[in-house]
Amino acid sequence: MTTFLYGLVLQFKLDKRSKSLLVTYYVVPLIFFLLMGGIFTSIMPNMKETLVQSMIVMGVSMGAFLGYPHALAQTYGSDIKKVYQANGVSLSFGLITMFLSAFIHLMLMCSVIVFLAPVLFEAQRPERLPLFYAALAIYLSASLSVGSALGLIVKNQAKLTMTGQLLFLPSIMLSGIMFPAELLPNILNTIGQIFPAHWGYRFMQVGGFQIQNLWYLLVILILASIVCGLLVKKQKFE
Amino acid sequence: MNEAIKVTNLRKSYGEQVVLKGIDLSIAAGETFALLGVNGAGKTTALECIEGLRKYDSGNIQVNGKMGIQLQSSSLPAHIKPLEAVQLFAKWNNAAVDNTMLEMLGIQDIKKKQYTQLSTGQKRRLHLALALINNPDIVFLDEPTAGLDVQGRASLHEQIRLLKSQGKTIVLASHDMAEVEALCDRIAVLNHGEIVFCGTADELTETMGKKYFIHIKTSQGGQTVETDNIGDTLLSLLAELKANDLELLDIKVDRGTLEEHFLEIARRNNK
């Protein structure tokens, strides 16, 4: 257990030292929040009710699909994986510590939004914080599990950037965080429902903590976890 | 012989390409053993099969003792610091950090740098430290001095001699003949997936026949003469110099370097 904790704390420190993760976990989501928070709440005052959830979906999607998979691919698509294996470090160790470290960093970023949005933009604060954070944790885990599968499957950094964008852009455009998803053509609305962002956004809203918003996130989380487990096992003798 | 490693009929293919064609090896405990071969001969594949990092098609591998492995191409997370890596790997191996070893490998001097800021030599030293973290009985070193400058090589050779003096079995893959000749007790030459020679450097020289090389330098330049009859060739060379009134500046006789023998073996087996 102490080994695992040491590894987790070390991974958290390594992520802090990484400029690219700093940008995707904190800088861009928070700048986006500051800009869009001002714009959205000026032109659409009723956005204040969902600003926190919208900006969190944007930040989580960016971190989970554009930042985290690259960090994972740097380990599992390189000689680092072999050095771990050769020196007795479990192959799943990197995946678990990186997942948890990303989870903590993104939780911190989300917390900044939760506490700054009402102060800066008079946005509505989530009513029941424990329930809100539980919903956020499930949504974040589902998104990171998809990011994990992405980072383990696509090892080429250029391809990973493109594939990450294929998940990120529909997540923010079709999930309903920019404008109501109901206004989208049916086909785009249906496509939007493939992504965890659609469900996470609803799940975190006031009164949204319900099974109909939860089940899809759990399915995604379980399926992606199984895929990741198989991918790590397959990598053992690659 | 107390065997540290025994490999029997090891076979490995990548698709259609047969990389190891049934190799047999026996390495004694405490021995420094070199696996020689040109690039693509199968050295790294053979080592990785023995280390348990690669699946093999058939054969038997027996390793008696704890292993420490330095890979040919190694890497660590970009922002990790040397002592953090040492601590992490020590914890995973349930081993105490040996500060004397870290001191000797110069890890303390680079402790504030991140991995990407280390030079090639510093990275090699760090990976050697990681390989030694669990106080292994058998140390695998795959091209340990590749990319190092003269000073870095000398320093690493010193470390390898120290490990040998501690009774560790060392398995070295290399294509640096001078390194192998200076450090190893026995050599196996791997060519196209087969062991074409296994023995000491002297035995390798013997197998090449009684061939001598006479290097002479005169006022008109130098030349090398290859012969199996050193007495007659020397006498006739000196007579020729006298007849042509050439001044002899230097003369050297040797039995060929390990490198020349290795290349000869590779050439013979490529025919």
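Residues numbered from 1 in each chain as written. Chains lettered and ligands numbered in written order. Predicted model: local features only at pLDDT ≥ 70, side-chain atom pairs only at ≥ 80, totals over all residues. Heavy atoms only, no water.

*Asks:* A description of the overall build of chain B should follow, citing residues and the corresponding values.
*Replies:* A count of helices and strands for chain B gives 9 helices and 12 strands. In terms of overall dimensions, chain B has a C-alpha envelope of 75 × 45 × 35 Å along the principal axes. Looking at chain B as a whole, 47% of its 271 residues are labelled buried. For chain B, the proportion of contacts with a sequence separation of at least 24, taken over those separated by at least 6, is 68%. As displayed, chain B offers around 13100 Å² of accessible surface, 46% of which is attributable to carbon and sulfur atoms. The positive charge centre, built from 30 side chains, and the negative charge centre, built from 35, are 7 Å apart in chain B. (Helix = DSSP H or I, 4+ residues; strand = E, 2+ residues; numbered from the N terminus. Buried < 20%, exposed > 50% of the residue type's maximum accessible area, 1.4 Å probe, protein only. Contact = heavy atoms within 4.5 Å. Areas by Shrake-Rupley, 256 points an atom, 1.4 Å probe, with all protein chains shown as cover. Lys, Arg positive; Asp, Glu negative; His and termini not counted. Charge placed at Lys NZ, Arg CZ, Asp CG, Glu CD.)

*Asks:* Can you explain the nonpolar core? Please cite residues and give values.
*Replies:* Judged by nonpolar contacts, the single largest core of 74 residues is most densely connected at Ile5, Val7, Leu20, Leu76, Phe89, Leu126 and Phe140 of chain B. Leu126 of chain B has contacts with Leu76, Pro82, Val86, Ile107, Tyr115 and Leu118 of chain B, leaving out every residue within four places of it along the chain. Judged by nonpolar contacts, the second largest core, of 71 residues, contains Met98, Cys110, Ile113 and Leu214 of chain A. (Core = buried A, V, L, I, M, F, W, Y, C linked by side-chain atoms within 4.5 Å.)

*Asks:* Got a sec to walk through the sheet that holds strand S3 (residues 32-36) of chain B? Specific residues and values, please.
*Replies:* Residue and element names in this part refer to chain B. Pairing within the open sheet is mixed, and its 6 strands lie in the order S5-S6-S7-S3-S8-S9. Sheet topology places strand S5 (67-70) and strand S9 (194-199) at the edges, where each strand pairs with a single neighbour. Within the sheet, the average angular offset between the axes of one strand and its neighbour, ignoring direction, is 15 degrees. Contacts between helix H4 (residues 120-131) and the sheet are confined to S5 and strand S6 (138-142), with S5 contributing the most and set at about 165 degrees to the helix. (Pairing = 2+ DSSP bridges. Axes fitted to C-alpha atoms, helices over the stretch in contact; angles between N-to-C directions.)

*Asks:* Account for a nonpolar patch on the surface, naming residues and giving values.
*Replies:* A cluster of nonpolar side chains, Ile211, Trp215, Leu218, Val219, Ile222, Leu223, Ile226 and Leu230 of chain A, forms an exposed patch at the surface whose accessible area comes to about 780 Å². You can see Leu230 of chain A is positioned in helix H10 (residues 211-234). (Patch = residues over 30% accessible without salt bridge, like charges linked within 9 Å, V, L, I, M, F, W, Y side chains within 5 Å. Salt bridge = Lys/Arg side-chain N within 4 Å of Asp/Glu carboxyl O.)

*Asks:* Give me the lowdown on the environment of Phe33 of chain A, citing residues and values where you can.
*Replies:* All names here are of chain A. Relative to the helices and strands, Phe33 is located in helix H2 (residues 19-43). As for Phe33 and Met58, which are separated by 25 residues in sequence, their C-alpha atoms are 8.6 Å apart. Residue contacts for Phe33: discarding those within four places in its chain leaves Gly38, Leu51, Met55, Ile113, Leu116, Ala117, Leu120 and Phe121.

*Asks:* Tell me what's going on with the packing of aromatic side chains, and back it up with residues and numbers.
*Replies:* Applying the stated criterion across every chain, the model contains 10 aromatic pairs over all chains. Their ring planes at 70 degrees and their centres at 5.7 Å tell us that Trp199 of chain A and Trp215 of chain A sit as a pair that is edge-to-face. With Trp199 of chain A in helix H9 (residues 196-204) and Trp215 of chain A in helix H10, this pair connects stretches of sequence that are 16 residues apart. A relative accessible area of 11% places Trp199 of chain A in the buried class. Across the ring face of Tyr115 of chain B, the terminal group of Lys123 of chain B is positioned such that the distance to the ring centre comes to 5.0 Å. (Phe/Tyr/Trp six-rings, centres within 6.5 Å; stacked < 30°, edge-to-face > 60°. Lys NZ or Arg CZ within 6 Å of the ring centre and 35° of its normal.)

*Asks:* Talk me through empty space enclosed by the protein; I want residue IDs and the actual numbers.
*Replies:* The full count for this structure, using the stated rule, is 2 cavities of 30 Å³ or more. When its volume is computed, the largest cavity comes out at roughly 50 Å³. Along the walls of the largest cavity sit Gly7, Leu10, Gln11, Leu14, Tyr84, Phe93 and Thr97 of chain A together with Ile80 and Leu88 of chain B, which together make up its complete lining. For the lining of the largest cavity, the elements supplying multiple residues, two or more each, are helix H1 (2-17) and helix H5 (91-121) of chain A. At 4 residues, the largest contribution of residues to the lining of the largest cavity is made by H1 of chain A. Broken down by class, the residue content of the lining of the largest cavity amounts to 6 nonpolar, 3 polar and no charged. The calculated volume of the second largest cavity comes to roughly 30 Å³. For the second largest cavity, the full set of lining residues is Val83 and Asn87 of chain A together with Ile69, Gln70, Leu71, Ser74 and His127 of chain B. (1 Å grid on protein atoms, 1.4 Å probe; cavity = no way out; pocket = protein on both sides within 12 Å on 5 of 7 lines; lining within 4 Å. Points joined across faces, edges and corners; volume = space filled by probe spheres on them. Nonpolar A, V, L, I, M, F, W, Y, C, P; charged D, E, K, R; others polar.)

*Asks:* Residues and numbers for the pairing of S3 of chain B, please.
*Replies:* Residue and element names in this part refer to chain B. By the criterion of burial, S3 is predominantly enclosed, with 5 of the 5 residues buried. Taking every second residue as pointing to the same face, both faces of S3 are buried, with Thr32, Ala34 and Leu36 on one and Phe33 and Leu35 on the other. In this sheet, strand S8 (residues 186-191) lies alongside S3 in parallel orientation, the contact comprising 4 bridges. In the strand pairing of S8, Leu36 is matched with Val189.

*Asks:* Quick one: what's the story with the domain arrangement of chain B, residue by residue and with numbers?
*Replies:* Assigned domains within chain B: domain 1 (3-205) and domain 2 (212-254). Computed from C-alpha atoms alone, the centre-to-centre distance between domain 1 of chain B and domain 2 of chain B is 42 Å. (Domains from an automatic or database assignment.)

*Asks:* Tell me about the packing of helix H3 (residues 51-76) of chain A against H9 of chain A, residues and numbers included.
*Replies:* All names here are of chain A. It is the contact of H3 with H9, at a shortest axis distance of 10 Å, that shows an interaxial angle of 145 degrees. The element H3 and its partner H9 pack so that their crossing is right-handed. Residues Gln53, Ser54, Ile56, Val57, Ser61 and Phe65 of H3 lie in contact with H9, whose contacting residues are Pro196, Ala197, Tyr201 and Met204. Tallied by class, the residues present in the contact of H3 with H9 amount to 7 nonpolar, 3 polar and no charged. (Left-handed = near helix turned anticlockwise from the far one by under 90°.)

*Asks:* Give me the interface of chain B and chain A: which residues, what numbers.
*Replies:* With 26 residues of chain B at the interface, the matching set in chain A holds 22 residues. Both sides of the chain B and chain A interface together cover about 2400 Å² of buried area, and 65% of this is carbon and sulfur. When residues of chain B are sorted by the area they lose upon contact with chain A, Leu53, His79 and Trp92 of chain B head the list and together hold 26% of the total. Remark: the boundary between chain B and chain A carries 3 salt bridges. One salt bridge in this structure joins Glu84 of chain B and Arg17 of chain A, with 2.6 Å as the shortest N-O distance. Counting the contacts that link chain B with chain A gives 7 residue pairs in polar contact (both at pLDDT 80 or more). Within the residue set of the side of chain B that touches chain A, elements represented by two or more residues are helix H2 (82-92) and H4 of chain B. Looking at the side of chain B that touches chain A residue by residue, the class counts come to 11 nonpolar, 9 polar and 6 charged. (Buried area = accessible area lost by both parts, 1.4 Å probe. Polar contact = N/O pair within 3.5 Å; in protein donor to acceptor, adjacent residues only side chain to side chain.)

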